[in-house]
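So you can see what is in the structure, the chains are spelled out below.
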Amino acid sequence: MSRMESTTLITAAELSAALAGPRPPVVLDVRWQLGGPPGAADYAAGHIPGARYLDLDTELAAPAGSAGRHPLPAPELLGAALRRAGVRADREVVVHDAAASTSAARAWWLLRWAGHPQVRVLDGGLAAWSSAGLPLEQAVPPVPEGDFVPAPGALPTLDADAAAALARTGLLLDARAGERYRGEVEPVDPRAGHIPGAVSAPTTDNLRPDGHFLPPQALAARFAALGAKPGGGTGGEPGGEPELGVYCGSGVTAAHELLALHLAGIDGALYPGSWSEWSGQPDRPAAVGPERG
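(A) Examining the packing of aromatic side chains more closely. One pass over the full model with this rule turns up two aromatic pairs. Seen from their ring centres, Tyr43 and Tyr53 are 5.9 Å apart, and the 35 degrees between their planes marks the pair as tilted. Here Tyr43 is found in helix 3 (residues 40-45), whereas its partner Tyr53 is found in strand 3 (residues 52-53), with ten residues between them in sequence. By the burial criterion, Tyr43 is buried, and Tyr53 matches it. For the pair Trp109 and Trp113, a centre-to-centre distance of 5.9 Å together with 15 degrees between the ring planes defines the contact as stacked.

(B) Looking closely at the sheet that holds strand 9 (residues 269-270). One open sheet holds the four strands; their spatial order is 7-6-8-9, and the pairing between them is parallel. Two strands close off the open sheet at either side, each with one partner strand: strand 7 (199-200) and strand 9. Across two bridges, the pairing between strand 8 (residues 244-247) and strand 9 is parallel. Note on strand 9: the bridge partner recorded for Val246 is Leu270. Strand contacts of helix 11 (residues 253-263): strand 6 (171-174), strand 8 and strand 9, with the helix running at about 145 degrees to strand 8, the strand carrying the most contacts.

(C) Spatial organisation of the pattern of salt bridges. If you walk through the whole model with that rule in mind, you get 15 salt bridges. Across the pair Asp90 and Arg88 runs a salt bridge, and its minimum N-O distance is 3.3 Å. Assessed through its relative accessible area of 40%, Asp90 is described here as partly exposed. Taking relative accessible area as the criterion, Arg88 reaches 30% and is therefore assigned partly exposed. Among the charged side chains, a network of salt bridges with common partners joins Arg69, Asp174, Arg176, Arg180, Glu186 and Asp189.

(D) Spatial organisation of the packing of helix 10 (residues 216-225) against helix 11. Here helix 10 crosses helix 11 at 110 degrees, and the two axes come no closer than 8 Å. Looking at the two axes, helix 10 sits roughly perpendicular to helix 11. Relative to helix 11, the crossing made by helix 10 is left-handed. Each of Pro216, Leu219, Arg222 and Phe223 in helix 10 lies in contact with helix 11, whose residues at this interface are Glu257, Ala260, Leu261 and Leu263.

(E) Quick peek at helix 5 (residues 75-84). Taken residue by residue, helix 5 has Leu78, Gly79, Ala81 and Leu82 as its buried positions. Looking straight down helix 5, one finds its buried side chains confined to an arc of 165 degrees; they lie on one side. Opposite its buried face, helix 5 presents the exposed residues Glu76 and Leu77, each directed more than 90 degrees away. Packed against the buried residues of helix 5 are strand 2 (26-29), helix 4 (56-59) and helix 6 (102-113). A positive backbone phi angle near 90 degrees is found at Gly86, which sits one or two residues after helix 5.

(F) How the structure looks around the sheet that holds strand 1 (residues 9-10). Here we have five strands laid out as an open sheet, ordered 1-5-4-2-3, and parallel in their pairing. Each edge of the open sheet carries a strand with a single partner, namely strand 1 and strand 3. Docked against the sheet, helix 6 engages strand 2, strand 4 (93-96) and strand 5 (119-122), running at close to 150 degrees with respect to strand 4.

(G) Seen up close, the nonpolar core. Ranked by size, the top nonpolar core spans 52 residues in total, and within it Leu28, Val95, Trp109, Leu111, Leu173 and Phe223 carry the most contacts. The element contributing the most residues to this core is helix 6, with eight residues. Apart from the residues within four sequence positions on either side, Val95 is in contact with Leu28, Ala104, Ala107, Trp108, Leu111, Arg120, Val121 and Leu122. The next biggest cluster of nonpolar side chains, apart from the first, holds 15 residues, and it includes Ala160, Ala198, Tyr271 and Trp275.

(H) Spotlight on the pairing of strand 2. Along strand 2, one buried face is formed by Val26 and Leu28 and the opposite face, lined by Val27 and Asp29, is buried too. Bridge analysis of strand 2 against strand 3 gives two bridges, and the strand direction is parallel. Directly across from Leu28, in strand 3, lies its bridge partner Arg52. Note that the unit made of strand 2, helix 3 and strand 3 has a crossover that is right-handed.

What counts, and at which threshold
Per-chain numbering applies: the sequence of each chain, read as written, is numbered from 1 onward. In view of the model being predicted, local features appear only for residues whose pLDDT reaches at least 70, and side-chain atom pairs are presented and counted only at 80 or more, with totals across whole chains, interfaces and linings using the full set of residues. Neither water nor hydrogens contribute to the side-chain values; these are computed over all heavy atoms in the structure. Ring pairs are drawn from Phe, Tyr and Trp, using the six-membered ring of Trp, whenever the two centres fall within 6.5 Å, and their geometry is named by plane angle: stacked under 30 degrees, edge-to-face over 60, tilted for the rest. Secondary structure elements are defined from DSSP: runs of H or I of at least 4 residues count as helices, runs of E of at least 2 residues count as strands, and each element is numbered from the N terminus. Burial classes follow relative accessibility: with a 1.4 Å probe on protein chains only, a residue under 20% of its type's maximum area counts as buried, one over 50% as exposed, and anything between as partly exposed. Only when DSSP finds a minimum of two bridges between them are two strands counted as paired. Note on contacts: a residue pair is in contact if any heavy atoms of the two residues lie within 4.5 Å. Here an angle of 0 to 180 degrees is reported between the N-to-C directions of two axes, which are lines fitted to C-alpha atoms, with helices fitted over the stretch in contact. Salt bridges are defined as contacts in which a side-chain nitrogen from Lys or Arg sits within 4 Å of a carboxyl oxygen from Asp or Glu. If an angle is under 35 degrees, it is roughly parallel; if it is over 145, roughly antiparallel; if it lies from 65 to 115, roughly perpendicular; otherwise it is oblique. What makes a crossing left-handed is the near helix being turned counterclockwise from the far one by less than a right angle; a clockwise turn instead makes it right-handed. Note that the arc is computed from the directions linking the helix axis to the C-beta atoms. The nonpolar core is taken to be a set of buried Ala, Val, Leu, Ile, Met, Phe, Trp, Tyr and Cys residues, with the residues joined through side-chain atoms within 4.5 Å. When the strands point away from the viewer and the connection leading from the first strand across the helix to the second strand turns clockwise, the crossover is called right-handed.

Written as structure tokens, this is what we have:
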């Protein structure tokens, strides 16, 4: 296992051992699905011992509006939610969802954007934990108040203008399903299509059939075929302009793409508003068909 993979993903067996150790990580259950219902009921039915639930729609995002369906949350509100869940600045955090790590990746990205130094994703989610025969509990555990205070900006973001420019001058990946990219269907957002110049890169291609991420080498080959440069993505100098960006419908599955890129050794910037913001602005063009990718 590569160093990058071992510090970004954690297996069910590794998490079980860590929870039995002297400094157990804080486990955040962020199960969520597009269109609901919220994952709170699933959490109540059974969760990893000691885990606390966070709601993606209300705690890991600001209210939907002109900035999209899942804008970045206000740092003070995000910090309050994380502290209620017991997140500490000096304690590792492990995030998970049901299986595919879509919403877990959103939490992973937000925590890193907010400056937390130790965040991992349970590879394969709760399904992997259960498949390993590990226990679940229903009781809500008592958790001491955390002390983590977000310092946002540790990871780069794009606004709509920057995303449009990057699609022309660099590489902008569209993490949605191919049929949404091509404009054949649009189940939730105002218009169908994609940002002109963007490359189709569905997040489903980051995973094995069991919901685990592909090995880093396979991910690197996948992104190289799409035009991503190994070891690059954010420019040659620290703080330089991004060379690679990712968007999706509302900034959730785009974080999954950024996690896969990170595993492959490639950095990129998130367009948080994504298609839900872009398509709601009538002056923004919408391309259809297999333009690129």
